[in-house]
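# Observations on the three-dimensional arrangement
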Amino acid sequence: MKKYELWYKKEAPYGNENVCMHTRKVKNRSNDGWEKWSLPLGNGYMGINVFGRTSTERFQITENSLCNPYAKNSKFQGCAAGLSNFCDIYLNFNHNKVSNYKRTLNLNTGICTTEYNCNETLYKREHFASYPDKVFVTHLTANKKGTLTFNIKLKVSHNRPYLYEEGDGYGKSAEILAKDGVVTVKGKMDYYGILYEGQLVAIPSGGSIISKNDSLEVTDADSVIIIFAVGTNYKMESRVFLEENNSKKLESYPHPHNKVQKIIDDAKKYSYEELKNRHIQDYSSLFDRVSVDLTNEGNSLPTDKLLKKYKWRKRSTYLEELLFQYGRYLLISSSRSGGYPANLQGIWNRYDSSPWSAGYWHNINVQMNYWPAFNTNLAETFIPYIDYFKAYKKLAENHASEYIKEHFPEKYDDDNGMGIATGGWLYTIEKLPAPNTGHSGAGTGAFTTKLLDDYFEFTRDKKFLEETGYEANRAMAVFLSKTLEKQEDGKLLTKYSSSPEQIHKDEYYHTKGCAFDQQMVYQCYADTIKAAEILEKQDDFIKKIKDDIKMLDPVQAGNSGQIKEFREEKKYGEIGDPKHRHISQLVGLYPGNIINRNTHEWLQAAQVTLNKRGDKSTGWSTAHKLNLWARTKNGNRAYDLVKTAISKCIMPNLWDAHPPFQIDGNFGFTAGVAEMLLQSHEGYIHIIPALPDEWSTGSFKGLTARGGFVVSAEWQDMKLKNIEITSHAGENLKIFVGDKYNSAFVKNGFIEIPTSKNEKYYFHF
Ligand code: FUC
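Residues numbered from 1 in each chain as written. Predicted model: local features only at pLDDT ≥ 70, side-chain atom pairs only at ≥ 80, totals over all residues. Heavy atoms only, no water.

## A few points about the pairing of strand β25 (residues 709–716)
- With six of eight residues buried, β25 is to be regarded as a mostly interior element.
- Relative to β25, strand β24 (residues 698–705) is paired through six bridges, and the arrangement is antiparallel. By the bridge assignment, serine 699 is partnered in β25 with glutamate 714.
- Counting the residues that bridge the hairpin from β24 to β25 gives three residues, and of these glycine 707 lies at a positive phi of roughly 100°.
- When β25 meets strand β26 (residues 719–727), the two strands line up antiparallel, connected through eight bridges. Directly across from phenylalanine 709, in β26, lies its bridge partner serine 727.
- A loop of two residues connects β25 with β26, the two strands running antiparallel in sequence, and aspartate 717 in this loop sits at a positive phi of about 45°. (Buried < 20%, exposed > 50% of the residue type's maximum accessible area, 1.4 Å probe, protein only. Helix = DSSP H or I, 4+ residues; strand = E, 2+ residues; numbered from the N terminus. Pairing = 2+ DSSP bridges.)

Here's what the structure looks like:
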């Protein structure tokens with residue numbers, strides 16, 4: 001594979017270093033070293049931002065379970081206190097006059113480096129976050145013996161352990177102690193009683209090391225290895241969600257000390273090279289599965305310069321490829337089995353109180369996080385979300401029961417399914433809002449269970465469908481079926497409905513049967529019916545929804561040729577904000593599939609809607625539109641969104657800005673590029689369905705399609721040359737190639753053949 005590397009000739013600048021709350025009003029935002037310039041590493045257990053500084057290097061550490069509550073507090077401009085910074089590690093070198101500076105993040109290896117000359121010595125640092133060994137590793141070297149002299153300090157919340165005021169229940173205590181070459185940081189976050197610990201060990205070769213109070217001093221070493229591990233007493237279990245007394249949620253779980261100690265002891269058994277090889281082997285086994293090759297262009301400019309040029313309309317296909325792969329890199333780094341799902345900022349957060357509490361927001365954001373898991377061959381990264389789902393499921397069932405009992409008492413019985421509202425954290429999920437109060441309708445829950453169906457569709461893991469997927473979709477369908485109201489004309493409409501966050505006359509707009517809810521109910525019913533067929537589980541409920549699905553009327557065209565967001569809307573934009581970032585009337589186009597090639601008029605209406613909404617918006621919204629345009633098969637319009645995303649939403653470290661930084665935009669971009677090259681939502685595989693003129697010749701390897709297929713393809717001047725498909729499930733293979741190809745194999749634009757498990761199939765045009 002090609003080398004994909006982010007690289008810079010300057011360190012992350014000093015900006016608003018010690019700001020503890022996220023707020024848009026901070027001065028110097030444009031210079032924020034953390035958000036815009038630091039480079040992220042992660043192993044699914046911890047996130048690390050490397051600043052690459054020469055005088056005092058900074059590593060900012062995050063661990064996703066270290067949370068305060070979601071507490072709206074007007075004092076902090078509506079910011080929610082959620083995920084909290086774990087700690088910062090500082091290496092003080094005092095290298096002030098340096099030359100030949102360079103820092104990099106290599107996506108092929110998941111390794112980050114910093115190097116420069118100082119005092120006629122070449123200093124190099126190499127860093128990675130290892131998933132197999134659960135540690136963050138730094139290796140410091142110099143080309144002259146005995147020249148590494150520096151101290152290592154850990155700091156918690158910039159030495160300000162209390163979030164609000166001491167004793168108010170929101171506190172974070174911290175104790176930092178250095179002893180025998182190890183610095184330990186430990187303490188407690190009061191609110192949920194989270195106990196945390198981090199251990200850093202420094203192993204010099206040559207020279208000496210002494211431990212002094214809270215820091216380590218390394219003198220005249222030839223090279224040094226630093227290993228860092230973190231842990232808390234959190235467990236992602238049902239009882240944590242069900243326990244209402246916050247201070248009791250984690251009460252029975254042991255202190256993380258032994259766990260962290262074991263990680264450190266185990267990692268110390270390996271040499272630096274062994275740790276590095278184990279990391280590369282694990283990381284590249286995921287990353288290397290997919291390549292997308294659209295250009296011969298090299299990586300000759302520092303990434304910030306390349307981006308700046310792109311913003312000045314000097315597009316770079318290499319940068320487009322790099323950003324595609326970066327989304328895959330970020331997903332592998334932030335979501336691994338055994339850890340927690342990637343949240344709104346992935347696994348990276350430097351604040352005591354992070355934007356939108358770095359929560360799991362379910363009216364598009366967390367779903368978008370996992371779109372690239374499926375089509376870019378990283379289905380394993382979705383496992384933490386499945387575990388999270390299993391942990392909160394019981395609470396979601398309780399919420400559904402309460403909701404139906406109160407608002408639809410005539411339908412209340414002993415099975416009310418499961419309700420998922422917009423917000424979720426590792427300790428609790430939001431209750432379904434009372435009718436006509438919330439900002440997102442019941443379809444939100446089906447938006448989530450769609451992910452579980454997609455996981456099955458791409459992996460064809462029948463065991464998963466049997467044990468989790470079917471039950472999840474069915475529970476959601478049961479709940480949704482109780483929220484529908486029969487109209488005089490027989491239509492079934494969501495009684496209390498809202499299109500996510502749409503505002504009309506300064507208030508959230510509440511209605512009946514908006515497109516978002518109707519489409520998501522439709523998708524959920526269709527997925528449930530399909531799963532019941534596969535598992536041969538027919539019963540009265542399945543029979544009922546087979547009839548009811550016909551009465552959902554999920555897509556309606558309006559007088560402007562648009563897909564209506566609201567049933568009562570005639571002309572586009574009459575109700576709600578016509579430029580709103582959410583474009584929820586098109587969820588049936590993506591991630592859903594009811595608007596497709598066979599519903600030609602709806603597909604046309606979807607394009608009208610997209611044009612009227614306009615391209616410019618927040619980070620994740622731009623990414624959603626990219627996926628939507630790809631699904632309309634309009635490659636050049638999809639490409640407009642690729643350009644808009646890069647020139648308007650991407651920061652120098654290639655993180656996507658809502659603003660502020662939200663990782664959904666990165667993930668949505670990656671999914672969207674893949675969707676331009678390969679689609680499979682219409683019951684067959686469609687290769688290069690939305691190819692723009694700019695990518696007229698190219699190839700990809702390893703993208704995934706529904707049905708358990710792994711697809712590689714090569715094309716020239718917009719025409720397919722070669723296809724290679726591996727069938728993992730042995731299902732029938734149907735490929736749409738259109739009418740450009742004359743062959744006995746192509747019938748009405750389709751190739752159709754049976755396949756055997758794990759066999760490869762080649763097509764040459
Ligand atoms: C949704 C979006 C916002 C933001 C928030 C985290 O509510 O509408 O734009 O991304 O999630």
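Now that the structure has been shown, we can carry on.
## Some points on the layout of surface pockets
- As a volume, the second largest pocket reaches approximately 490 Å³.
- Put simply, the parts of the chain that give the lining of the second largest pocket at least two residues each are α9 (443–459), α11 (515–534) and β27 (733–736).
- For the lining of the second largest pocket, the element with the highest residue contribution is α11, accounting for five residues.
- When grouped by side-chain class, the residues that make up the lining of the second largest pocket number eight nonpolar, nine polar and 11 charged. (1 Å grid on protein atoms, 1.4 Å probe; cavity = no way out; pocket = protein on both sides within 12 Å on 5 of 7 lines; lining within 4 Å. Points joined across faces, edges and corners; volume = space filled by probe spheres on them. Nonpolar A, V, L, I, M, F, W, Y, C, P; charged D, E, K, R; others polar.)

## Structural notes on the sheet that holds strand β17 (residues 291–293)
- Strand order in the open sheet formed by five strands is β17-β24-β25-β26-β29, with antiparallel pairing between adjacent strands. The open sheet terminates on both sides in strands that have one partner only, identified here as β17 and β29 (759–764). This sheet shows a mean twist of 20° between the axes of neighbouring strands, independent of strand direction.
- The strands touched by helix α6 (residues 317–334) are β17 and β24; relative to β17, the strand with the most contacts, the crossing angle is about 170°. (Axes fitted to C-alpha atoms, helices over the stretch in contact; angles between N-to-C directions. Contact = heavy atoms within 4.5 Å.)

## Notes on the environment of tyrosine 741
- Here tyrosine 741 shows up in the loop between β27 and β28 (750–753).
- Placed 22 residues apart in sequence, tyrosine 741 and lysine 719 show a C-alpha to C-alpha distance of 8.9 Å.
- Sequence-distant contacts of tyrosine 741, defined by excluding residues within four places in its chain, comprise Lys719, Leu720, Val746 and Phe765.

## Some words on unusual backbone geometry
- In the segment running from histidine 658 into proline 659, the intervening peptide bond is cis, with an omega of -10°.
- Along the chain, proline 659 falls in the loop between α15 (635–649) and α16 (664–677).
- Residue proline 659 is joined to proline 660 through a cis peptide bond whose omega torsion reads 5°.
- Structurally, the position occupied by proline 660 is in the loop between α15 and α16.
- One non-glycine residue, lysine 633, lies in the positive phi region at around 70°.
- Locating lysine 633 in the fold gives a position in the loop between α14 (619–631) and α15.
- What makes lysine 633 buried here is its relative accessible area of 19%.
- In the Ramachandran plot, asparagine 758 falls in the positive-phi region, its phi being about 65° despite a non-glycine side chain.

Treat this as a map of the structure, not an account of what it does.
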